[in-house]
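These are the residues of each chain, in order.
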Amino acid sequence: MHNSFLLVLVIIVALVFDFTNGFHDTANAVAPTVATGALKPRVAVLLSSCLNLVGAFLSLKVAATVASGIVQQGQIILPVVFGGLIGAIAWNVTTWYFGIPSSSSHALIGGVVGAMMAHAGGGAVIWGGITGKVLAPSIAAPIFALLIAALGTTISRRLTAKSDNTTKSWGMRVGQIGSSSLLSIAHGTNDAQKTMGVITLALVANGTLGANSTTPKWVVVLCGIAIALGTFIGGWRIIRTMGQGFTKLSPTQGFASQVTSSVVILSSSHLGMPLSTTYVATGSILGSGVGTRKRRVHWSLAGRVGVAWLLTLPCAAVFGAASFYGERLFGYTVGVLVMGALLAIYCTIIFFLSRRDQIHAGNVNDHWGEHLEAFEKSAQTADVVAAGKP
Amino acid sequence: MTTATPLIDWHALGQVLLTSLVLGVGIVVLFSACVYSLSQFRRSGATVVVRATNAIVMTATLAAIAASVVWGLYIIIHK
């Protein structure tokens, strides 16, 4: 099926998805740095966006997995890719509005799988690939991150217990700049590649590339730029949730969590696993809270985020399938324009709704203050109650 | 006769866990040792020997961290 018009539209929407992936996931790399004041918010996102661009050029293993390991390449058509992208963007924008750190990767994979099932049925989906290369690493990686960050924070806290607080705080903040940089590179290597994989899939579907072809260089460049621009915009709502919501981060916790996230993501990227960088970063932040002396973690918020994680794949799949059916209803060429217009209207509505309770670089650490105080008070009350028990 | 490929690549997951555990905890421990040494180095009344020892520890830990990061990125780029 050759359709240059449709191919160009798919590539544009894929780059829009990559952009939303960037701003949705800015928090993964910069939330602890912003929360502890190691860098000013704007400087943190600028540094992160530059290093995301660098990371996009380092490896193509994840792109290969996404292009060939999720759905049968021989049965894919461009409207399926388009529908999947529409589903993923819709889910990303929705979760961004609510400040939920959900997975852009799962949204993308869910969207494509949903659209593919609507087009060719469940037989066209490589379920083994989904289970082995997406679900298993996505469940295991945040648990690894939580345990390693908890261990790292505990050891670090004990090692530096006799250090003077000023030097310790300054040293760990400097370390955070390094660990945040490494994490941004890690994010670029894993997340930018997912969109590269989808564009490669579209090029194969259009007959522009042969099956199992490698990702062209121009795709790598465009995806790197799109994710870097998205990161620079900064998803402040999610930065607020991750930096202030789960636990009160100290520079030691911030450093331990960022180093843990970096090594988990980089080692997974190296093995071609398209895991969710968001889940890993969240696991690390929770682990750094567990590693503190009082183990104060806002588990109720973590539970709510966990529910959103469970919903991501099926909801994005439903959005993707609905988008594909919509395209088919109007005829593919007109249909993609209609669905694209509907997505644009939806994004505009969400944007204007978000203006009512705007989070930006200037207030990203302020808004959670009252919630955090309430959380600290409830934790202190719990301590008092526990101390009163025989 | 071919053997069926397992659905979940436990070997790869194990590799991720082991690498992340060694590097993640290792880097945090090394950097914490560096921060502790810096604190001792800056302490008023520290002797020349204490300062020199802590300076060596700081240099060694930072070099080890830099080497592990560069090595990790090298492997990712070149394999």
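Residues numbered from 1 in each chain as written. Chains lettered and ligands numbered in written order. Predicted model: local features only at pLDDT ≥ 70, side-chain atom pairs only at ≥ 80, totals over all residues.

1. Regarding the overall build of chain B
Next up, step 1: The helix and strand inventory of chain B stands at 2 helices and 0 strands.
Next up, step 2: Computed over C-alpha atoms, the radius of gyration of chain B comes to 20 Å, more than 25% over the 12 Å expected from 2.2 N^0.38 for 79 residues, which places it beyond the range of a compact globule.
Next up, step 3: Once the C-alpha set of chain B is aligned to its principal axes, its extents read approximately 75 × 20 × 15 Å.
Next up, step 4: Burial status across chain B gives 27% buried among its 79 residues. (Helix = DSSP H or I, 4+ residues; strand = E, 2+ residues; numbered from the N terminus. Rg over C-alpha atoms; globule rule 2.2 N^0.38 Å. Buried ≥ 20, exposed ≤ 12 C-beta atoms within 10 Å, placed from the backbone.)

2. With respect to the interface of chain A and chain B
Next up, step 1: Between chain A and chain B, the contact holds 38 residues from the first and 30 residues from the second.
Next up, step 2: Only α6 (127-159), α7 (165-205) and α10 (251-270) of chain A provide two or more residues apiece to the side of chain A that touches chain B.
Next up, step 3: Looking at the side of chain A that touches chain B residue by residue, the class counts come to 19 nonpolar, 17 polar and 2 charged. (Contact = placed C-beta atoms within 7 Å. Nonpolar A, V, L, I, M, F, W, Y, C, P; charged D, E, K, R; others polar.)

3. A look at helix α11 (residues 277-290) of chain A
Next up, step 1: Taking 1.5 Å as the rise per residue, α11 of chain A with 14 residues should run 20 Å; its terminal C-alpha atoms sit 20 Å apart, in good agreement.
Next up, step 2: With 13 of its 14 residues buried, α11 of chain A lies for the most part within the structure. (Expected span 1.5 Å × (residues − 1).)

4. Some details on the nonpolar core
All names here are of chain A.
Next up, step 1: In this structure, V10, A14, V81, L85, V112, V198 and A202 are the most contacted members of the largest nonpolar core, which totals 137 residues.
Next up, step 2: Ranked by residues supplied to this core, first place goes to helix α1 (residues 4-36) with 18 residues.
Next up, step 3: Excluding its chain neighbours within four sequence positions, the residues that come into contact with V198 are A14, V66, V81, L85, L108 and V112. (Core = buried A, V, L, I, M, F, W, Y, C linked by C-beta atoms within 7 Å.)

5. A short note on the packing of α10 of chain A against helix α2 (residues 48-78) of chain B
In a packed pair of helices, the relevant descriptors are the angle between the two axes and the axis-to-axis distance.
Next up, step 1: Where α10 of chain A meets α2 of chain B, the axes come as close as 10 Å, and the angle between the chain directions of the two elements is 25°. With respect to α2 of chain B, the element α10 of chain A is oriented roughly parallel. Note on packing geometry: the crossing formed by α10 of chain A with α2 of chain B is left-handed. Two secondary-structure elements touch here, α10 of chain A through L266, S269 and H270 of chain A and α2 of chain B through G72, I75 and I76 of chain B.
Next up, step 2: Of the residues in the contact of α10 of chain A with α2 of chain B, the class split is 3 nonpolar, 3 polar and no charged. (Axes fitted to C-alpha atoms, helices over the stretch in contact; angles between N-to-C directions. Parallel < 35°, antiparallel > 145°, perpendicular 65-115°, else oblique. Left-handed = near helix turned anticlockwise from the far one by under 90°.)

6. Overview of the environment of V125 of chain A
Residues and elements named next belong to chain A.
Next up, step 1: When you line up the elements, V125 lands in the loop between α5 (104-120) and α6.
Next up, step 2: By C-beta crowding, V125 is classed as buried, having 20 other C-beta atoms within 10 Å.
Next up, step 3: In this view, V125 contacts V71, V113, M116, M117 and I130; residues no more than four positions away in its chain are not counted.

7. Let's talk about helix α2 (residues 41-56) of chain A
Residues and elements named next belong to chain A.
Next up, step 1: Taking 1.5 Å per residue, 16 residues should reach 22 Å; α2 reaches 23 Å between its end C-alpha atoms and fits that length.
Next up, step 2: Along α2, the residues that are buried comprise P41, A44, V45, L47, S48, S49, L51, N52, L53, G55 and A56.
Next up, step 3: Taken together, the buried residues of α2 touch α1, α7 and α8 (217-233).

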